[in-house]
Each structure stands twice: as structure tokens, then as C-alpha cells.
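# Analysis of the macromolecular model
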Amino acid sequence: MIDPRHLRGLASALALAAAFTAALPASAEPARAAPPSRAGPVAPAAQRAGSAPSAQRAGSAPSAPSAQRAGSGPPARPARAAVVLPTALAPDAVERAAPLAGALDGLLSDTAQDLGLSVDLEGRAASRSPLDEAELLERARSSDRLFIAPSLDLRGDEVELRLALASGGARSLRVRVERVARDDVAVRAAVMLRDLVAELDGAAAAASPPPGEDAPCAEPCRGRLATPARSLGKATLAANATLYGGLVGFSIQRSSGSDDPRLLYPLLAVGAGIGLGGAIIIAEEWDVGVADAWYLGSGTWWPTIAGHLIYQGRFAEHAEDPSEERWAAGLIGGTAGITLAAMGLSLGRMSDGGALLAQSGGGLGLMLGGLVEWAARGDVQRTPIAGMGYGAALGWLAAAAAATQLDITASEVLTVDVGALLGGLGAAALASPLVFEAPTEAQQRAWVGATAGGFLLGAGVAWCVTRPAAAGARSAGPSWNRFGLPMLGVIGESVVGSRRAPALGLGWQGAIP
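Residues numbered from 1 in each chain as written. Predicted model: local features only at pLDDT ≥ 70, side-chain atom pairs only at ≥ 80, totals over all residues. Heavy atoms only, no water.

## Remarks on the environment of Arg145
Definition in use: Numbering of helices and strands starts at the N terminus; helices are DSSP runs of H or I of at least 4 residues and strands are runs of E of at least 2.
Positionally, Arg145 belongs in the loop between helix H5 (133-141) and strand E4 (146-155). C-alpha separation for the pair Arg145 and Gly169, spaced 24 residues apart in sequence, amounts to 8.8 Å.

See below:
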């Protein structure tokens, strides 16, 4: 039996700590002052800020003669000659990818000219057979031109795009490989070529900085389409912290045994204000992502719910005033959850899939814990309050720990959740004759076991269907899912004037014969 005085004392001591530490992203780094800009023949800031090749022409890239200013630095270099080789195709993709390869040839030639290169059409070959890398290097060594060798290969519904760049006299290749959808090939090819040329120019400038000038950035100056905003999760963080701060004030008032509204409303206001103020300060001090905020939110709410359920189902019958001590148990659970979530974020930034995994773990664990208590009691007519509490706590803890180690997407988590729910509901429906009329304990346990088995089987099947294929794996024959798979997630976009919003739903992804 728990001593009520100890429980109330511990809850009150931890209440203010919960309000101040709500949603603290321990992994985020404090803001640093931006380094001073450096003048030179290469302008990395202009390359990162520009989303189109024209930004480099308007900037100070060494390949753009117009960038040279009179009386400042060495004279402008002439445009570098480049040869865009025909797109090579894999032997098994010649017929299907030939139109795509032809369009890619023209796109890369235009992009190379936009990047300030002089495209030499005489050096092009007519064959689309894959070019050996040693042969490409040999051609580059014997010439002062820049060779761009693209290649395509079909990998199911995706296209594997490979760009190899060899500069004159070079002893190594610069290679980029990406798997993209067919509709994104043109955009990704232009971005990949831009990044390769920017890396080549940045390496050349770093090797020989102009006299009297500071060396350019040591890292490859890769182009960025946009600079992400800081603390995108500020709104989510503030909402969770404000609600939890109000809950802390309400819990303190209830656990004290008072029902005086003159004490309740000030505590609600103070708790919500501390939570909101703390969230704003944290978001200004650290870069809080949306996934970070939702991960902290999972550590706030699921352990709090678990504390209420565990106390109500396990200890309430032995307490003198369970309605007061239950709120103190919720405070203890919420404080412990926030602390563990902050420790998890100290290991690194959280992905969207990881944050959703933590939330999903609490919900699925709550259901599995209830099924376990039903199986142990053999009575499905009694609400399994304690089992749901233990399941929510352990499910969230396991999922939150896994989220810090796994690289998983939000669509994969949603698919597994839907598979688990559909499997459990289907099995429960099929086994429902076992609980008709007056079922025995054995029949009720059998129904619970069938439901849990369907729950786990559905989750396992959904995970096997959605897990990514091994890198570099090549199918020897037609795939069983060559006609596509169901997709749960963003299927479109809703546009009203200048406002845009993603459209979520269930769709089909793949080639339909």
C-alpha cells in the first residue's frame, strides 16, 4: 500500500520541474553567430541561396565571366568546355528507358550551359552502352574538357540515376547516385549536376586561393534550394507545454484535497503560463523541430495517462482517498516521461517517423496491455484498467527507445499501425462466437488470444510489405508486387489561393497494367 503523504509530497516536488522541462530538446544546439562573409572568386552563400542555375550566373562563380568586377581580382576565365555523353542504359532497361534517356540528354546539355559551361557536341558518342570508368578517366586525362557521363537503370517503380563527372587531367571521378520517381528525374538530374560542378569549383578554389584573400569554405559548397526556418516545432511545443502546465496546476489542486475555485483558477493560469513561457524560451534558445516537439509530447501524455490508469486499477481500492492520489500518480508519470524523452533527444535529432513511432507505441501498448489483463483474468466484461496503464507505459518506453536508433519513415509507421488494427479487428470478429451468450473463462481467453494473434500478425504483414529492399538488390524475375502496393499518407495537395495544404488518404502506388 502506498503512503498518501509520500505520494503527495513527491508529486508536488516534481510538478514545477515538469513545467520547466516540458519539451526541452536536449539534442538541439544553441544558436551560433553566423561567420562573417568572405570575398573571393567563389561565393558559397550565393550558391546556397540560389535555387536555379541562374543564381550562379548572377553571383560570383568563377565560370561566369559577368561576375568579374573591374579592378578586383584576376581576370575572368573563359567558359570551360564540357562534353555531355549520351545517357547510358542498363541492358535490361534499353527499350523502356530510351525516351527518358533522350529527354535527359537535352536537359543536361541545357543545364550545363546554364552553369557557365561550353558544351562541345562534337565529342559526343552515339552509343548508349555503359561506359567503363577506366575509359572515362583515360579520356579525361588526355583532354582539358569536362566529361559528364549520366546513366539510368530501372528499379521497380523507381529510376536509379547516376552522374559521373571527370575533369581534364583528373585521376578520380566525382559520382552522385540517387533513386527517384520517374516524374522527379528531370529535377534531380539538374540539382545533381549543379552540385557536382559546385563541388568541383569549390575544391579548385580551396586548392589555390587568390593572394590576399581568405580561403573559401572547407566543406563542399553544395547548393540548397531553401534555408529551413528555425524552430519549426515552436507551435507544437507551445501547445503541449501550455496544456501540460494547466494539467499540472489542476493536478496539484486536486491532489491537495481542495475544491475551492479561488485556488483552482490561479493554479491553472500559473501552470499554463509557465508552460507557455518555458516553451517560447526553449524554442528561441534551441532549434526545435516538429518531430522533436511531438516526441516530447509523447513523453508527456502517455506516461501521464499510464500513471492514472495504473493507480486506478492497482492501488485505488487500498487508498483512503483515491480521487486525490490518482492525480499525484499522473504527475509522477508525466515528470518521469518528460525526463526520459529529453534524455532520448540528447542522442540526436528526431525524425518524423521516430516521433510517430513513440506516439504509436503508447497507443498500441495500451491495447495490448488490456488484452493481457483480460487473458490473465479470463473476464472480458471487466475493464482492464491496470493492464492498459502498464501497456501504455511499457509500449511508449520501448517505442521511444527504438525511435532513437531506427531510421523509419512516418508512412511505414502508419502502415504498420493500420495493419495491426485491421488484423486485430478481423481476428476479433472471426472469433466472436466464442463470447456469445455465457462464455466460460477458457472461451474468453481463446477469444483474447485470437485477437492478440491477429493484432500481431497484421502488424508483421504490414511491416514485411512496407520495408525497403536491400540496397543494390536486383530482382531476377517479375516481382510479386510489380503491379503496385497500397499507400497511406500524402496523396495530393489542396490549393486555395496562396494557401496550400497536404491531402492525406489511401492510394495505390505502382504501375497498373
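After that view of the structure, there is still more to cover.
## A few points about the pairing of E4
As a reminder of what qualifies: Working definition: with a 1.4 Å probe on protein chains only, accessible area under 20% of the residue-type maximum means buried, over 50% means exposed, and in between means partly exposed. By this definition, two strands are paired if DSSP reports at least two bridges between them.
Across the 10 residues of E4, 10 count as buried, placing the element largely inside the fold. The two faces of E4 match: Leu146, Ile148, Pro150, Leu152 and Leu154 on one face and Phe147, Ala149, Ser151, Asp153 and Arg155 on the other face are all buried. Examined bridge by bridge, strand E1 (residues 81-84) and E4 share 3 bridges and lie parallel to one another. Of the residues in E4, the one forming a bridge with Ala82 is Leu146. Strand direction decides the pairing type here: strand E2 (residues 88-89) and E4, joined by 2 bridges, are parallel. Its bridge partner being in E4, Leu89 is matched across the sheet by Leu152. Here E4 pairs with strand E5 (residues 158-166) via 9 bridges, running antiparallel. In the sheet register, Leu154 faces E5, and the bridge partner there is Val159.

## A look at helix H4 (residues 94-114)
Defined as follows: Here the expected span of a helix is defined as 1.5 Å times the quantity of residues minus one. At any given residue, the bend is defined as the angle formed between two axes, one fitted to the seven residues that end at that position and one fitted to the seven that begin there.
The terminal C-alpha atoms of H4 lie 29 Å apart, and with 21 residues this matches the ideal 30 Å at 1.5 Å per residue to within 8%. The largest bend in H4 amounts to roughly 30 degrees and is located at Leu100. Three or more residues of H4 are buried, namely Ala97, Ala101, Leu104, Asp105, Leu108, Ser109, Thr111 and Ala112. Of the residues one or two after H4, Gly116 is the one with positive phi, at around 90 degrees.

## A word on a nonpolar patch on the surface
The criterion, for reference: Put simply, a patch holds well-exposed residues, over 30% relative accessible area, that have no salt bridge, with like charges counted together within 9 Å and Val, Leu, Ile, Met, Phe, Trp or Tyr side chains within 5 Å. Using a 1.4 Å probe, accessible areas were evaluated by the Shrake-Rupley method; residue-level cover was limited to the displayed protein chains. Any carboxyl oxygen of Asp or Glu within 4 Å of a side-chain nitrogen of Lys or Arg constitutes a salt bridge here.
A cluster of nonpolar side chains, namely Leu232, Val290 and Trp294, defines an oily patch on the protein surface of about 290 Å² accessible area. Counting through the fold element by element, Leu232 comes out in the loop between helix H6 (185-207) and helix H7 (234-255).

## Notes on the pattern of salt bridges
Under the counting rule described, the total for this entry stands at 15 salt bridges. Residue Asp292 is joined to Arg349 by a salt bridge in which the shortest nitrogen-to-oxygen separation is 2.9 Å. Placement of the pair is Asp292 in helix H9 (residues 290-315) and Arg349 in the loop between helix H10 (322-345) and helix H11 (352-377), with a sequence separation of 57 residues. Members of the salt-bridge network, linked through shared partners, are Arg174, Arg176, Arg194, Asp195 and Glu199.

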